[in-house]
Amino acid sequence: MTIERLLPGSGLQAFPPPETWDDWREYDPKQWPRRVEKRYMLVPTICFNCEAACGLLAYVDKDAMRVRKFEGNPLHPASRGRNCAKGPATINQIHDPERILHPLRRAGRRGEGQWRRASWDEVLDEIGGRIRTAFREGRRNEVMYHVGRPGHERTMDRILKAWGIDGHNSHTNVCSSSARLGYALWSGYDRPSPDHANARFILLLSSHLEAGHYFNPHAQRIVEGRLAGAKLAVMDPRLSNTASVADYWLPTYPGSEAAVLLAMAKVILDEGRADLAYLERWTNWRHFMADRHPGGELRFDAFVAELKEHYREFTPEMAEAESGVPREKIVEVARLIGGARGAFASHVWRGSASGNLGGWQVSRALQLLTVLTASVGTPGGTSPHGWNKYKPVFWEEPPGQKQWNELLFPKEWPLSHYEMSFLLPHFLKEGRGKLDVYFTRVYNPVWTNPDGLTWLEVLKDEALVGLHAALTPTWNETAVFADYVLPMGMAGERHDIQSQETQDGRWVSFRQPVLRAARERMGESFRFTYEANPGEVWEEDEFWIELSWRIDPDGALGIRRWFESPFRPGEKLTVADYYRWIFENAVPGLPETAAAQGLAPLDYMRRYGAFLVATDVHGLQETPVAVPAGAAKDPVTGLVTAAGKAIGVEIDGNVVAGWPTPSRRLEVFSPTMKEWGWPEEALPGYIRSHVHRSALDAAKGEMVLIPTFRLPTLIHTRSGNAKYLNEISHRNPVWIHTTDARRLGLRTGDLVRVTTEIGYFVNRAWVTEAIAPGVAACSHHMGRWRLHEGEGSRWAAARVSLQQTPDGGWRMRQLDGLGPFASADPDSRRIWWSDGGVHQNLTFAVHPDPVSGMHCWHQKVVVSLGEPGDRYGDVFVDTQRSMEVYREWLGKTRPGPGPGGLRRPLWLDRPLRPAEEMFRTKANRLDPKEDV
Ligand code: SF4
């Protein structure tokens, strides 16, 4: 097919039509003005640079069999062919001359920077043997997998359950678990799925147009909603790009957001703007009234009166005093939200929820507005994520593990929404356990987490961490302290299923290794993906299958059987088997759609990369439930139970599914909070943050530092080796208001020392009115560093010295900035920027919220002019002090066990849910032989 046929007349079109993807031709831009035709095979895959999972199309040069560029996949239901800057920058990552191409084994002391090349066989034999020994010796809790960016759906759940370990650790408690807990307490679903495109009013506690969660798919739909007439309000102490184009910017003092949201709820209630019929039908108000008035009459009007009384103190005046937002604006926005009844879309993910003590009450207060306006699961409203997210199932599900790992869910945080991941080194230092085999996977806690130098101290200690294998596409600050560095594929170099709740609908997408897929389309075959990837870069799917067979070579441990093919009994599972079974059996509508094109489901996904499973997913709480014989019904609440478990709720004579909460209603009142020691937080409320004004010492000049905001062009560790992105963004100055700058005698560009509880960092000031007085801000996406040559990306990471002081502190100093270097990529000689930013997270102590377990990121700091001898990028940290701060926060907890000797409420899920009896402490277990 010629270019002229594809582009008749105009020569312009949005995307290559799918029927041309086997042989797409276009002129080589590098040859311009000569018109030299290039032939490509276009292979879909999924971006791996943030959680949104947008579609990409790899342009595979058919002559060189090399990927030349990544563009958007127009058939992807969420991203619809569009990407942010980080999507196309995948090309930098796969062609980065600094990337790790072969497995490496430590050759010197841990962290010393000495490495030798290893074979995959050596890796598998040593790690597999070590895990086998641990399992045989009953040390299952000493094997742990710790993930930063998952990038797959349920794959690791299956693997870890097959191994029978309670070894799943994640990054979520430094990310979103606080907001998740707030949502989960309401509905049992821990994430929102706003339908921005059809909303009448949108409220964002984020910077979604540039950087929020799922921001590219969401940003498209927010723009669509606004074009259709929706109003947009943004609550953010910082004038983000999103706030700058909103109809309403509500610059709340950090941590005051729940007070403003509850004031809005009060306006809606007091002015009769709430949908009371919805409230009566769907909330658990009866439980609230029964709790407050045991034996009394349960009247809905009395409940409404009590609700109003409960929120009496949240006047617009009080909210203004807490937040600094004018009361008139709070009332105006509240009325617009009330007027958007049924079509109020909102989102909070990180931001205020992750910054503050009690941040989980922010999402709970936000959801109260959604419930009051009857906008839960409606067109234009905010659905629970589970309605819009596809999850695969497998031909066989391994049973829940019969383990409970206290390093993940310790007794002090029985309601912790995810694993207490960022406290792992503190727990190990305290002697709560040790690890024999520790996998980090696309996870860089030394750099990403607070208190990274405590991580470093523990990772260097072989008595605490026996073997550390870092599965990573690139060098990072944590991999340096590994025993094995195992190169894993980027987007376009691995298989995964991905689905996210980006819109009103449900979709599934397929990440695939594009060179392998292209060559297989041309008739080649491969045993392993690393045979087609650059160097020996592998993918996790195949790695885990192989490792599982090495752990249990003869099947005696009962592990191997889970890694056998569903199509060829007894033979080893392949990635083709795995995805073929799911696409043939577990994606509704896919087999029929594929068959209509004469394709098998797996081939359809290989060719197009995505499939829309459902649209217009609304009102699922009204789904009828078949009631089994012997089921019981509570005559007061309508709750229907079978075999002791809630299965639905009777409303107007019909038994319907409701919500996955204990009451099957939306829990405006949480009996769980009351029963587990937090009765004062049983309703959506406002907890004064650890950085509340009253907690600051004005005499010391203390301010609040917001360290949580993303830059649109960078993403944590993963963008470090994307040259285009680092050219665009390479510094993270400290935002400071003009009045504060005047007080401190600061000008833009001056060196500032930012002092935290455990140390300080030195950065430059950016004086601006885009931040509130008394508040400073610094993006966390900067300040990459490397200790040794060859261990880090020179596109982004500065060489540093790191030394321990005689009294146990740590000093880091940048030895040189960024600059040109020689490599196979000529662009590396053209680096014109010298700055890579400053690493601030090292200087943050851990702040585990006593309920959600989330790290509360905001910092109480003193900002001052740099001192004599200070240099840009300097960092000092006292890790002994950081352990003290950890213990101070530990003291805020209210440990379990809870009712019935439970370690955790049975209805609150865990990412890797153990067998049910493991939820009970040993003394309360029905069969105590089932031990940890
Ligand atoms: S929003 Fe950007 S980084 Fe995230 S998946 Fe989409 S293209 Fe990739």
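Our subject is the structure that appears above.
What you are looking at is a predicted structure, and each value in this text was computed from that prediction instead of being measured.

Criteria and cut-off values
- Note that residues are indexed from 1 along each chain, following the sequence as it is written.
- With the structure being a predicted model, the display of local features is reserved for residues of pLDDT at least 70 and the display and counting of side-chain atom pairs for 80 or more, all residues being used for whole-chain, interface and lining totals.
- Where side-chain values are given, they derive from all heavy atoms of the structure, hydrogens and water being excluded.
- The numbering of helices and of strands both runs from the N terminus, where a helix is a DSSP run of H or I of at least 4 residues and a strand a run of E of at least 2.
- Based on C-alpha atoms, the radius of gyration is set beside the globule rule, defined as 2.2 Å times the residue count to the power 0.38.
- The buried label goes to any residue with under 20% of its type's maximum accessible area, the exposed label to any with over 50%, and the partly exposed label to all in between, with areas taken from a 1.4 Å probe on protein chains only.
- Here the Shrake-Rupley method, with its probe set to 1.4 Å, supplies the accessible areas, and only the displayed protein chains count as covering residues.
- A residue counts as positive if it is Lys or Arg and as negative if it is Asp or Glu; His and the chain ends are not included.
- Taken as the charge centre is NZ of Lys, CZ of Arg, CG of Asp or CD of Glu, depending on the residue.
- Any pair of Phe, Tyr and Trp rings, taking the six-membered ring for Trp, is counted once the centres come within 6.5 Å. Such a pair is stacked with planes under 30 degrees apart, edge-to-face with planes over 60 apart, and tilted for the rest.
- In this scheme, Lys NZ or Arg CZ marks a charge over a ring once it lies within 6 Å of the ring centre and within 35 degrees of the ring normal.
- A pair of strands is treated as paired once DSSP finds two or more bridges between them.
- Contacts between residues were defined by any pair of non-hydrogen atoms, one from each residue, lying within 4.5 Å.
- Simply put, an axis is a line fit to the C-alpha atoms, just over the touching stretch for a helix, and the angle between two N-to-C directions goes from 0 to 180 degrees.
- For this classification, under 35 degrees means roughly parallel, over 145 means roughly antiparallel, 65 to 115 means roughly perpendicular, and everything else is oblique.
- Any residue that is not Ala, Val, Leu, Ile, Met, Phe, Trp, Tyr, Cys, Pro, Asp, Glu, Lys or Arg is counted as polar, Gly included; the first ten are nonpolar and the last four charged.
- Whether a residue is near a molecule or strand depends on its heavy atoms: it is near if one of them lies within 4 Å of it.
- Grouping buried Ala, Val, Leu, Ile, Met, Phe, Trp, Tyr and Cys residues that are joined through side-chain atoms within 4.5 Å yields what is termed a nonpolar core.

## What to know about the overall build of the protein
Step number 1: Along the backbone of the protein there are 28 helices and 34 strands.
Step number 2: Its C-alpha atoms give the protein a radius of gyration of 27 Å, near enough to 30 Å, the size a compact globule of 932 residues would have.
Step number 3: Each principal axis of the C-alpha atoms in the protein carries an extent, and together these give about 80 × 75 × 70 Å.
Step number 4: In the protein, which comprises 932 residues, the share counted as buried stands at 64%.
Step number 5: Element-wise, carbon and sulfur atoms account for 50% of the exposed surface of the protein, whose accessible area totals about 31900 Å².
Step number 6: Distance between charge centroids for the protein: 2 Å, based on 114 positive and 115 negative side chains.

## Brief notes about unusual backbone geometry
Step number 1: Residue Pro33 follows Trp32 across a cis peptide bond; omega there is 10°.
Step number 2: Relative to the helices and strands, Pro33 is located in the loop between strand S1 (24-27) and strand S2 (37-46).
Step number 3: Cis geometry is adopted by the peptide bond preceding Pro897, which originates at Gly896 and carries an omega value of 5°.
Step number 4: Along the polypeptide, Pro897 turns up in the segment after helix H28 (879-890).
Step number 5: Positive phi, normally seen in glycine, also occurs at Met65, with a value near 50°.
Step number 6: For Met65, the location among the structural elements is in the loop between strand S3 (55-61) and strand S4 (66-72).
Step number 7: Backbone geometry places Asp652, a non-glycine residue, at a positive phi of 50°.
Step number 8: Position of Asp652 relative to the elements: it lies in the loop between strand S23 (645-651) and strand S24 (654-656).

## What to know about the packing of aromatic side chains
Step number 1: Considering all chains together, one arrives at 45 aromatic pairs under this definition.
Step number 2: Here the aromatic cluster, defined as three or more aromatic residues joined through ring pairs, consists of Trp120, Phe135, Tyr145, Trp163, Phe439, Phe528, Tyr530, Trp538, Phe543 and Trp544.
Step number 3: The ring of Phe709 has Arg238 sitting right over it, with the charged end atom 3.8 Å from the ring centre.

## Thoughts on the sheet that holds strand S6 (residues 115-117)
Step number 1: In spatial order, the strands read S6-S5-S17-S16-S15-S7-S8; together these seven strands make up an open sheet with mixed pairing. Every other strand in the sheet has two partners, leaving S6 and strand S8 (168-169) as the edge strands with one partner each.
Step number 2: Strand direction decides the pairing type here: strand S5 (residues 104-106) and S6, joined by three bridges, are antiparallel. The partner of Arg106 across the bridge, within S6, is Trp115.
Step number 3: Across the sheet, helix H21 (residues 540-551) touches strand S7 (143-147), strand S15 (435-441), strand S16 (465-472) and strand S17 (484-487), and the angle it forms with S15 is around 160°.

## Here we look at the packing of helix H22 (residues 575-585) against helix H24 (residues 601-608)
Step number 1: With their axes 8 Å apart at the nearest point, H22 and H24 run at an angle of 100° to one another. Of the possible angle classes, the one that applies to H22 and H24 is roughly perpendicular. Across the interface between the two elements, Ala576, Tyr579, Arg580, Phe583 and Glu584 from H22 touch Pro601, Leu602, Met605 and Arg606 from H24.
Step number 2: Looking at the contact of H22 with H24, its residues break down into six nonpolar, no polar and three charged.

## Thoughts on the environment of Phe821
Step number 1: Topologically, Phe821 is positioned in the loop between strand S32 (809-814) and strand S33 (859-865).
Step number 2: With 27 residues separating them in the primary sequence, Phe821 and Arg794 have C-alpha atoms 7.8 Å apart.

## Some remarks on the pairing of S4
Step number 1: Where S3 lies against S4, six bridges are found, and the strand directions are antiparallel. Bridge pairing in S4 places Val60 opposite Val67.
Step number 2: What sits between the antiparallel neighbours S3 and S4 is a turn of four residues, in which Met65 has the positive phi angle 50°.

## Quick notes on the site of the ligand
Step number 1: With respect to spatial proximity, the complete set of residues near the ligand consists of Cys47, Asn49, Cys50, Ala52, Ala53, Cys54, Asn83, Cys84, Lys86, Gly87, Phe215 and Asn216.
Step number 2: Residues of the shell around the ligand, tallied by class, amount to seven nonpolar, four polar and one charged.

## Things to note about helix H11 (residues 300-310)
Every α-helix winds through 3.6 residues per turn, so residues three or four apart in the chain are directed the same way.
Step number 1: Within the sequence span of H11, burial applies to Phe300, Ala302, Phe303, Val304 and Leu307.
Step number 2: Looking at the buried residues of H11, the elements they touch are helix H8 (257-270), helix H9 (276-282) and helix H10 (285-292).

## A look at the side chain of His152
Step number 1: The topology assignment puts His152 in the loop between S7 and helix H4 (155-163).
Step number 2: For His152, a relative accessible area of 13% gives the class buried.

## A few points about the nonpolar core
Inside soluble globular proteins, nonpolar side chains tend to come together where they are buried.
Step number 1: In terms of nonpolar packing, the biggest core is built from 81 residues, with Tyr438 and Val863 touching the most fellow members.
Step number 2: When neighbours within four sequence positions are excluded, Tyr438 is seen to be in contact with Met144, His146, Leu424, Tyr443, Trp455, Leu459, Val465, Leu467, His468 and Ala469.
Step number 3: Formed by 69 residues, the second largest nonpolar core is a distinct cluster that contains Leu205, Ala263, Val331 and Tyr686.

## Observations concerning the packing of H4 against H21
When two helices pack together, their arrangement is given by the angle between the helix axes and the distance between those axes.
Step number 1: It is at 11 Å that the axes of H4 and H21 come closest, and there the two elements cross at 5°. As the angle between them shows, H4 and H21 are arranged roughly parallel. Contacts between H4 and H21 involve Thr155, Met156, Ile159 and Trp163 from the former and Asp541, Trp544, Leu547, Ser548 and Ile551 from the latter.
Step number 2: A breakdown of the residues in the contact of H4 with H21 according to their chemical character gives six nonpolar, two polar and one charged.

Structural measurements only, silent on function.
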